[in-house]
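# Analysis of the macromolecular model
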Amino acid sequence: MRHIRVAVDVGGTFTDICVMDEHTGAITIEKTSSTTNPIEGILDAVDKVGADLSRVSLFSHGTTVATNALITRRLPRTAMICTEGFRDVIEIRRANKEDLWDIYKDVAPPHVPRRDRLTVTERIDAQGQVVTPLDKEQARQVARILKRRGVEAIAVCFMNAYMNPENERAMRAILQEVLPEVPVSISSEVMPEIFEHERFSTTVMNAALSPVVVSYTKQLGQELKRRGYESDLLLLHSGGGVMTTDAVEQYSARLAGSGIAAGAIASRHIAMLCGFKNSIGLDMGGTSTDVSLAYDGQSRITNDWFIEFGYPIRFSSIEVLTIGAGGGSLAWRDEVGSLRNGPQSAGANPGPACYGNGNTQPTNTDANVVLGRLGTRLAGGQVTLQPELAFEAVQAGVATPFGLSVQEAAQAIIDVANANMADAVRLLSISRGYDPRDFALVSFGGAGALHGVAIARELSIPAVIVPPNPGVASALGCLLVNVQHDFSESYIKEASEVDIQELEAAFTRLEQTAIEHLAHEGVAHEQMVLERTIDMMYQGQWRSLAIPAPRPVTDLTELIAIFNQEHLREYNYKREDAPVSLFRLNLKAVGLVPQAQLPEHEPTGRIPEPIYQRQVWFSDVGAVETPVYHRSDLPAGLVLDGPAVIEQLDSTVVVPPQSRAEIDTYLNIIIRL
């Protein structure tokens, strides 16, 4: 009988696996080194944890394969077919720069070079009328050229195709005749929206990633099947849901945000278990920190994201802000003599100085070793730290140049790192109209629990939550998701001119498409949930806000009132006298998957004996003899006053003085400030 769930998250340094027994709720975790071929790392993790795939009912996977392919540009040769005169849209972009004041830094070149961006004669006007039918003979000639060039993926991007896909579909049919083995993405299906650069860019990304991720997911699916797994392989996508390998073929670019979404999902779920509807996720790993936000139990969603600046991917995504702050981030002195931290990183190899692999520059990990917050063993003894090398690096790199003691220098390194992360939290909360004092901070990742309390104090956040397995929380996030797809359709009209029946008909078309997709993936009709939103904006603006819409829509008056209030929260002003326009109709289609239930434990409250004590340095009180506990010894119901250090396989938790840690029934640590 299949009663085991497996979730795997592949990172740059480690592959994390989380196995849950559906009958008992027991969770087993393991970490293994990531390999050049991610599939080998996944199978190694499965073997290491001893999972019998013939007993697995669900296997979900968060992957960085698509992200890494875009970052490294190791992509198959991709062609683009455009309306005559529009081949340079993705090169012109928005004519903006990531750093407006750096005149020497150029935006990266397009993913499709100009020689592979070919044009055909066709034209559809802004109302969706065919002005010029596709020149089919010319289209066949273009297809033959691309065949001779040996292209491996094709994006078809015609002007105004979002209003009428007729010409794009005709072009695709011709390409499929001439190049039947080459995947073709058409913009009217990938992203049927106005704004040609965003639509073209998303379609190009989708086409370029298709051979990469389809090959990867098929190989992984075959390996799992060979080992006894009989259900669908589920892939986590940027929107916070999962999709099957069949859906990956059509929406490959959705996997570009797969890895970072898992942690955001886990942090939201854990905060809800602890009674916090508002939460901020702080996922601090070896090289970077991912910050996410959930308000009233819902993750914040964005359509404005990218892997490389200038090339947007307009699929809905959980909004995650990533900065270069991790355990391996380097401390350094800039040209004017100021102490900096990151984004440069020692990475996994050579790693922090205390790893003993040759790096001599101080890192956040070295600073935590000097301060006594980290011991001499990580990952259950798989990594042995050398404190004397950490002291040497901090002394030479920071203490001597700044005239500080080695402990003061280590604290300064940590303070700069914490300030960087606090700024990231401010960008995602205060600048969006959210008050951090109304939130809990969920600290996870290998290093998050070392820094969470200091960041919370900086922002006046009242509680910090550390999940039972913070180092593999992203893998846990893969167990907590449903099948999900997002559909949209441009609908540009002033609210006063909207025909409600026409609006309902448009939503009905989206719902029919969504139902067909979910049914194709084996979701029963009673397990389908359809959620509507309408993107609205003040007339004349182009920034919009997504407003939840009822089913059916009968009147826009209440939606406009909600829009005004959301605009006030987001931008700190509203204009109730200004006309409101509709911009886009959105539909989130969810196929419910039986949710993983974390086990609860009876509270005993018995304080165990510490495994030992060591000197730990805190900025406000100096060195303090601090008890060190093992996480597995701490029962539910325990209340522990700081200072304390709690060690476990995948992370270390620091409870500073003047704070109190509580262990809830799910074995989360809640630190009250």
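Residues numbered from 1 in each chain as written. Predicted model: local features only at pLDDT ≥ 70, side-chain atom pairs only at ≥ 80, totals over all residues. Heavy atoms only, no water.

### Side note on the overall build of the protein
Under the convention used in this document: Under the DSSP-based scheme used, a helix requires at least four consecutive residues in state H or I and a strand at least two consecutive residues in state E, with every element numbered from the N terminus. Atoms considered for the radius of gyration are the C-alpha atoms alone. The globule rule reads 2.2 Å times the number of residues to the power 0.38. Using a 1.4 Å probe on the protein chains alone, a residue whose accessible area is under 20% of its type maximum counts as buried, one over 50% counts as exposed, and one in between counts as partly exposed. Residue-level accessible areas treat just the shown protein chains as cover; the underlying method is Shrake-Rupley with a 1.4 Å probe. Working convention for charge: Lys and Arg count positive, Asp and Glu count negative, and His plus the chain ends are omitted. For charged residues, the charge sits on one atom: NZ in Lys, CZ in Arg, CG in Asp, CD in Glu.
Helix and strand counts for the protein come out as 16 helices and 37 strands. In terms of C-alpha radius of gyration, the protein reaches 26 Å, essentially the compact-globule figure of 26 Å for 673 residues. Projected onto its principal axes, the C-alpha positions of the protein cover 80 × 60 × 55 Å. When the 673 residues of the protein are sorted by exposure, 55% land in the buried category. On the protein, roughly 28200 Å² of surface is accessible, and the fraction owed to carbon and sulfur atoms is 49%. The distance from the centre of the 58 positive side-chain charges to the centre of the 82 negative ones in the protein is 4 Å.

### Re the sheet that holds strand β6 (residues 117-120)
In plain terms, the rule: At least two DSSP bridges between two strands are required for those strands to pair. Axes here mean lines fitted to C-alpha atoms, for a helix over just the part in contact, with angles spanning 0 to 180 degrees between N-to-C directions. Between two residues, a contact is recorded if the distance between any of their heavy atoms is within 4.5 Å.
Strand order in the open sheet made by the four strands is β6-β5-β9-β10, with parallel pairing throughout. In the strand order of this sheet, the two ends are held by β6 and β10 (184-186), each with one partner. On average, adjacent strands in this sheet sit at an angle of 20° to one another, irrespective of strand direction. With five bridges connecting them, strand β5 (residues 78-83) and strand β9 (residues 153-157) associate as parallel partners. Residue pairing in the sheet places M80 in a bridge with A155 of β9. Of the strands in this sheet, β5, β6 and β9 are in contact with helix α4 (residues 136-149), which crosses β6 at around 165°. The sheet contacts of helix α7 (residues 196-226) involve β5, β9 and β10, and relative to β9 the element is tilted by about 165°.

### Quick notes on empty space enclosed by the protein
Heads up, the condition is: Cavity and pocket criteria rest on a 1 Å grid covering protein atoms alone: a 1.4 Å probe that fits but cannot get out defines a cavity, protein on both sides within 12 Å along at least 5 of 7 lines defines an open pocket, and an atom within 4 Å of a point defines a lining residue. Grid points are joined across faces, edges and corners, and a volume is the space filled by probe spheres set on the points.
Per the counting criterion, the structure on display carries three cavities of 30 Å³ or more. By volume, the largest cavity is sized at about 50 Å³. Along the walls of the largest cavity sit R5, L58, S60, L234, V242, C478, L479, V481, V593, P594 and Q595, which together make up its complete lining. Roughly 40 Å³ of volume is contained in the second largest cavity. If you trace the second largest cavity, you find it lined by I260, G263, A264, D283, D290, S292, V320 and F444.

### Brief notes about α7
In plain terms, the rule: Expected span of a helix: the number of residues minus one, times 1.5 Å.
With 31 residues, α7 should cover 45 Å at 1.5 Å per step; its first-to-last C-alpha distance of 44 Å lies within 8% of that length. Downstream of α7 by one or two residues, G228 has phi in the positive range, about 115°.

### Section: the pattern of salt bridges
A side chain of one charge can pair with a side chain of the opposite charge when the charged atoms of the two come close. Put simply, the rule reads: Salt bridge, as applied in this entry: a Lys or Arg side-chain nitrogen positioned within 4 Å of an Asp or Glu carboxyl oxygen.
What the rule picks out here adds up to 36 salt bridges. The salt bridge partner of R300 is E570, with a shortest N-O separation of 2.7 Å. Highlighted residues: R300 in the loop between β15 (298-299) and β16 (301-302) and E570 in helix α16 (residues 557-571), separated in sequence by 270 residues. Across this residue pair, the class does not change: R300 and E570 are buried.

### Here's the deal with the side chain of D366
Formally: Polar contacts, as counted here, are pairs of nitrogen or oxygen atoms within 3.5 Å of one another; within protein the pair requires one atom able to donate a hydrogen and one able to accept it, and residues that are adjacent in sequence qualify only if both atoms are side-chain atoms.
Inspection of the secondary structure puts D366 in helix α10 (residues 364-370). Lacking a salt bridge, the buried D366 has R373 as its closest oppositely charged neighbour, with an N-O distance of 14 Å. In terms of polar contacts, D366 uses its side chain to reach the backbone amide nitrogen of A353, at 3.0 Å.

### Concerning the packing of aromatic side chains
We apply this condition: Centre distance within 6.5 Å is the pairing criterion for rings of Phe, Tyr and Trp, where only the six-membered ring of Trp is used; planes under 30 degrees apart are then read as stacked, over 60 as edge-to-face, and the remainder as tilted.
In the structure shown here, the tally under the stated rule is eight aromatic pairs. Each ring, one from F195 and one from F583, has its centre 5.8 Å from the other, and the planes form 40°; the classification is tilted. Remark: F583 occurs in strand β30 (residues 580-591) and F195 occurs in the loop between α6 (187-190) and α7; sequence separation between them is 388 residues. With relative accessibility at 24%, the residue F195 sits in the partly exposed group. Residue classification places F583 among the buried positions, given a relative accessible area of 5%. Ring plane angle 90° and centroid distance 5.6 Å describe the contact between F306 and F309, whose orientation is recorded as edge-to-face. The exposure class assigned to F306 is partly exposed, which follows from its relative accessible area of 39%.

### Section: the sheet that holds strand β32 (residues 622-630)
Judged by pairing direction, the sheet is mixed, and its four strands sit side by side in the order β31-β32-β34-β35 without closing on themselves. Every interior strand has two partners, whereas the edge strands, β31 (612-618) and β35 (652-655), have only one. Ignoring which end each strand starts from, the neighbouring axes of this sheet average 30° apart. Examined bridge by bridge, β31 and β32 share seven bridges and lie antiparallel to one another. In the sheet register, V616 faces β32, and the bridge partner there is V624.

### What about the pairing of strand β28 (residues 528-538)?
Extensive coverage of β28 is indicated by the burial of eight of its eleven residues. One ladder, built from eleven bridges, connects β28 with β30; its direction is antiparallel. Of the residues in β30, the one forming a bridge with M536 is L582. Relative to strand β29 (residues 545-549), β28 is paired through five bridges, and the arrangement is antiparallel. Paired with I534 across the strands is I547, a residue of β29.

### Section: the confidence of the model for the protein
Let me state the cut-off plainly: The score called pLDDT rates the predictor's confidence residue by residue, from a low of 0 to a high of 100.
For the protein, mean pLDDT is 90; residues scoring 70 or higher make up 99% of the total. The secondary-structure element of the protein with the lowest mean pLDDT is strand β23 (residues 377-378), recorded at 72, while β5 shows the highest, at 98.

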